[in-house]
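# Geometric and topological summary
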Amino acid sequence: DSGVTQTPKHLITATGQRVTLRCSPRSGDLSVYWYQQSLDQGLQFLIQYYNGEERAKGNILERFSAQQFPDLHSELNLSSLELGDSALYFCASSANIDTTGELFFGEGSRLTVL
Amino acid sequence: SQQGEEDPQALSIQEGENATMNCSYKTSINNLQWYRQNSGRGLVHLILIRSNEREKHSGRLRVTLDTSKKSSSLLITASRAADTASYFCATAGYGQNFVFGPGTRLSVLP
């Protein structure tokens, strides 16, 4: 058990819809990362937050947004969903602001867009 | 383009054999990490090696890093069926974020 909790575990929705994925980081970790894993694209970095502030942005679409709340949990919002958004979405947390430490991953949220 | 690229893409061995997978990268790094992912599950951190280190061990795992060749290898000794998983290297460049390779799928046959 990594200590990182993601909900929901599975989500099935239709094109055009909006969903929210939630992540609770490991106790004490201030950094939260979001990754998308699909079969053809591998593990893609989306965005990082540190102590409530956006720290780094990766290949995150404009239709996607995220935030980290004062209690350090984070949400990833995906809107105007397309078939190609179907993927596993992972949250990971770290004690460090930078890349000098390890990442602790949640079990992921599997999104299926029909 | 990908910072880290694992090789081979897939590897199938018998229980008890050693498994070696490699990772190559393109730019200078702060550290390199290896992660394991069981099918459909979250990634689990295995080992971190810093740019000034050449070799690290953790149980049955041995990781080497050659910064002159921009490559790393992960050796799993005396493989078990439970080692069946995908293995990813993640490179962390200075001032950059983690970049994961496409992974090596390891199958350990009983």
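A short tour of the structure in this document, coming up. This one's a predicted model, so the numbers in the text were calculated from it and none came from an experiment. (Residues numbered from 1 in each chain as written. Chains lettered and ligands numbered in written order. Predicted model: local features only at pLDDT ≥ 70, side-chain atom pairs only at ≥ 80, totals over all residues. Heavy atoms only, no water.)

### Things to note about the pairing of strand β11 (residues 104-109) of chain B
Residues and elements named next belong to chain B. Here is the rule we go by: For the exposure calls, accessible area comes from a 1.4 Å probe over protein chains only, and a residue counts as buried if that area is under 20% of its type's maximum, exposed if over 50%, partly exposed in between. Here a strand is any run of E in DSSP of at least two residues, a helix any run of H or I of at least four, and the numbering for each starts at the N terminus. Only strands that DSSP links by at least two bridges are regarded as paired with each other.
Judged by which residues are buried, β11 turns out to be one-sided: T104, L106 and V108 face inward and are buried, whereas R105, S107 and L109, on the alternate face, are not. In this structure, strand β2 (residues 10-14) lies alongside β11, joined through five bridges in parallel fashion. By the bridge assignment for β11, I13 is matched with V108. In terms of strand pairing, strand β9 (residues 85-92) meets β11 through three bridges, oriented antiparallel. Each residue of the ladder has a partner; that of S86, found in β11, is R105.

### Quick look at the interface of chain B and chain A
Just so we agree on the cut-off: In this analysis, two residues are considered to be in contact whenever any of their non-hydrogen atoms come within 4.5 Å of each other. When a carboxyl oxygen of Asp or Glu lies within 4 Å of a side-chain nitrogen of Lys or Arg, that pair is called a salt bridge. Distance and chemistry together define a polar contact, namely a pair of N or O atoms within 3.5 Å, with one atom able to donate a hydrogen and the other to accept it when in protein, and with adjacent residues in sequence counting only for side-chain atoms on both sides. Under the scheme applied here, ten amino acids are nonpolar (Ala, Val, Leu, Ile, Met, Phe, Trp, Tyr, Cys and Pro), four are charged (Asp, Glu, Lys and Arg), and all others, including Gly, are polar.
With 20 residues of chain B in contact, the opposing surface of chain A contributes 19 residues. On inspection of chain B and its partner chain A, the count reaches one salt bridge. In this structure, R41 of chain B and E107 of chain A form a salt bridge, with 2.5 Å as the shortest nitrogen-oxygen distance. There are nine residue pairs in polar contact (both at pLDDT 80 or more) connecting chain B and chain A. Only β4 (31-37), β5 (43-50), β9 and β10 (98-100) of chain B provide two or more residues apiece to the side of chain B that touches chain A. Per-class residue counts for the side of chain B that touches chain A are seven nonpolar, 11 polar and two charged.

### Side note on the layout of surface pockets
A probe matching the size of a water molecule, rolled over the atoms, marks out where space remains unfilled. Our working definition: Grid points spaced at 1 Å over the protein atoms alone were grouped into cavities, where a 1.4 Å probe fits but cannot get out, and pockets, open sets with protein on both sides within 12 Å along at least five of seven lines, with lining residues defined by an atom within 4 Å of a point. Grid points are joined across faces, edges and corners, and a volume is the space filled by probe spheres set on the points.
In this structure, the largest pocket occupies an estimated 680 Å³ of space. In terms of lining residues, the largest pocket is bounded by 28 residues, among which Q37, S38 and L39 of chain A together with Q37 and S86 of chain B are the most central. Elements represented by at least two residues in the lining of the largest pocket include exactly β4 (31-38), β9 (87-94) and β11 (109-113) of chain A together with β9 and β11 of chain B. Among the elements that take part in the lining of the largest pocket, β11 of chain B stands out by supplying four residues, more than any other.

### Some thoughts on the nonpolar core
Worth spelling out the cut-off: We call a set of buried Ala, Val, Leu, Ile, Met, Phe, Trp, Tyr and Cys residues a nonpolar core when their side-chain atoms join them within 4.5 Å.
Judged by nonpolar contacts, the single largest core of 22 residues is most densely connected at M21, L32, W34, L74, I76, Y87 and L106 of chain B. Among the elements of the structure, β2, β3 (19-25), β4, β5, β7 (61-66), β8 (71-76), β9 and β11 of chain B are those that each provide at least two residues to this core.

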